Amino acid sequence: MSNRVHERSMEMDGEGSTKMKMKTKVLELPKKIKKILDNLWKVGKDDPRRVKHALKVGVSLTLVSLLYLMEPLFKGIGNSAIWAVMTVVVVLEFSVGATLCKGLNRGLGTLIAGSLAFFIEFVVNDSGKVFRAVFIGASVFIVGALITYLRFIPYIKKNYDYGMLIFLLTFNLITVSSYRVDTVIKIAHERFYTIAMGVGICLLMSLLVFPIWSGEDLHKSTAAKLQGLSSSIEACVNEYFEEEEKENETSDLSEDTIYNGYKTVLDSKSTDEALAMYASWEPRHTRHCHRYPWKHYVKVGSVLRQFGYTVVALHGCLKTEIQTPRPLRGLFKDPCVRLAGEICKVLSELAASIRNRRHCSPEILSDSLQVALQDLNIAIKSQPKLFLGSDQNGSVSQGNSGRHTTNVSQNINKATNDAASQQSGTRLDPNTGTPRGERMSRFGPNVSFSRLRADTLERRSAAATSERKILRQQLSMIVVMTSLEFSEALPFAAFASILVEMVARLDNVIEEVEELGTIACFKEYDNSVDKKDVEVRVEKPSDLVVGIE
């Protein structure tokens, strides 16, 4: 009876817990729905072009669906209309360049494959069935092996891989199907027409309705990366020389500014390469430049990544376990802040030059940058005890260690001399060094001389060991204090050296940007018009959507 009652109570508890879980899930459902809606809103808010692209895809699919929905169009095309729908789904990409790349690859691949299949059908049309089967099999083997091998070539892999894949698929479908189906040529014609309709609709929607240019995205992202690095450096230096610790909310906001500034640069390699490739398919950007140097933007991005590693190292100085005390940092605040300000000024000028498509200011590397470097060097040299005190302490400790070593060696030599004299039957006087073997009889005939020698050596060895321990503790304390003083100055030395390294790498960035301006035919710098551009701050760049299959 008790077992039944216990089982019944367990069942009731299980049902109660299940009901509680269900109730909790029902109560959490509105929160989950709200979270999903917030994420959807954030995606569109970050880049409103995504909403436009979604609407363009919807309109394009509606247009190609008319081939099925309208009776006259369906009678003229038939079931092949589904290929137009598939083409719109596959080809229509976010940017004009990506759509042109995939659309032309698909159209040309289908056209060339169909033409080659028609040629093979024309050759074997009047031949026997066996010869026709052998010829088709050999053609499929040769074309399949050749196209697959060509896809490994880097240039073809990068630009025409999708077209080669469509060519291989279409060629095999038409060639192999023609052996059993007599109307395959007609079907191929219909499919080609519907694919051409789909590609045409995609190109019209992409080029004429809210066009999104990959080249423009690459251009803006390059300027934004320069400005992001400038913001990161400025935030790092300001946080490093803060007089007091910041609150958590303020610190988190500063961390986001620093991290987002260089993260966009370090993660941009694949995005830059894809945008540059798609931009090369787009119409010419300017009449003054025959072929716009989109690939050079990739070089600029590579140099910026090399520069961005120094910003990461600078950010790491804020996170080290051993930090230089804030009063000590204040001794070098002014030259460091001025040096970082000059670096940020140069990066902002480079960003403005790219954004406005003009050359940099002739005074981009002003004398203020050199003066700030010299002031930092003078400030460091003005505190020799801070950075050289470890050497001085080290010499002192070495001197103490030398005296300790001398004393220990003297004691060891004494013990050695005593042992040697005792082995020869005489004992030396510790003061005069004269033999005193005649005094041995004073201890009596029953006294063991070996016992006396052993006791003497043991006492002296114990005294030397205790002296070593005391001196070793003193030396270890000196070393610890010296290392602590030096470790407090070492983080700032790393911070200052990274700032100097930034100045060294800044020349490479300026050189690449100037070369880009020369190749892209940027306009000349006008001081009266472009002076205010240096002070302009660019907002955080929105995430770019790149279509990569």
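This structure is a prediction, so every number in the text was calculated from the model and none was measured. (Residues numbered from 1 in each chain as written. Predicted model: local features only at pLDDT ≥ 70, side-chain atom pairs only at ≥ 80, totals over all residues. Heavy atoms only, no water.)

**Student:** Looking at this model, I keep getting lost on the overall build of the protein chain. Mind explaining?
**Tutor:** Counting its secondary structure elements, the protein chain contains 19 helices and zero strands. For the protein chain, with 549 residues in total, the buried portion stands at 35%. Considering only intrachain contacts with a sequence separation of at least 6, the fraction spanning at least 24 residues in the protein chain is 82%. Summed over all atoms, the accessible surface of the protein chain reaches about 33,100 Å², with 60% contributed by carbon and sulfur. (Helix = DSSP H or I, 4+ residues; strand = E, 2+ residues; numbered from the N terminus. Buried < 20%, exposed > 50% of the residue type's maximum accessible area, 1.4 Å probe, protein only. Contact = heavy atoms within 4.5 Å. Areas by Shrake-Rupley, 256 points an atom, 1.4 Å probe, with all protein chains shown as cover.)

**Student:** Help me understand the side chain of N159 in this model?
**Tutor:** Tracing the sequence through the fold places N159 in helix α7 (residues 154–159). Once residues lying within four places of it in the same chain are set aside, the contact partners of N159 are C101, N105, M277 and W281.

**Student:** Would you take a moment to explain the UniProt feature "transmembrane region" (unreviewed entry) in the protein chain for this structure?
**Tutor:** Taking the numbering used here, the UniProt-annotated feature "transmembrane region" (unreviewed entry) corresponds to residues 82–101, 108–124, 130–150, 162–180 and 192–213. End C-alpha atoms of residues 162–180 are separated by 28 Å, and the span's content is 84% helix alongside 0% strand. (UniProt positions renumbered as here; feature names shortened; annotations may be inferred.)

**Student:** Which parts of the structure should I look at to understand helix α2 (residues 49–69)?
**Tutor:** The periodicity of an α-helix, 3.6 residues per turn, causes residues three or four positions apart to be oriented the same way. For α2, which comprises 21 residues, the first-to-last C-alpha distance of 30 Å matches the rise-based estimate of 30 Å (1.5 Å per residue) to within 8%. Three or more residues of α2 are buried, namely R50, H53, K56, S60, V64 and L67. (Expected span 1.5 Å × (residues − 1).)

**Student:** Mind showing me how you'd approach helix α15 (residues 333–355) here?
**Tutor:** An ideal rise of 1.5 Å per residue puts 33 Å on 23 residues; α15 measures up with 32 Å between its terminal C-alpha atoms. R357 sits one or two positions beyond α15 and adopts a positive phi of about 55 degrees.

**Student:** Sorry if this is basic, but what is going on with the packing of α2 against helix α9 (residues 184–208) here?
**Tutor:** The axes of two packed helices give the description: the angle between them and the distance between them. The geometry of α2 relative to α9 is characterised by a closest axis approach of 10 Å and an angle of 150 degrees between their N-to-C directions. For the element pair α2 / α9, the angle class is roughly antiparallel. Classified by chirality, the crossing of α9 by α2 is right-handed. Contact residues: α2 offers K56, V59, S60, L63, V64 and L67, while α9 offers M197, I201, M205 and S206. Looking at side-chain class alone, the contact of α2 with α9 contains seven nonpolar, two polar and one charged residues. (Axes fitted to C-alpha atoms, helices over the stretch in contact; angles between N-to-C directions. Parallel < 35°, antiparallel > 145°, perpendicular 65-115°, else oblique. Left-handed = near helix turned anticlockwise from the far one by under 90°. Nonpolar A, V, L, I, M, F, W, Y, C, P; charged D, E, K, R; others polar.)

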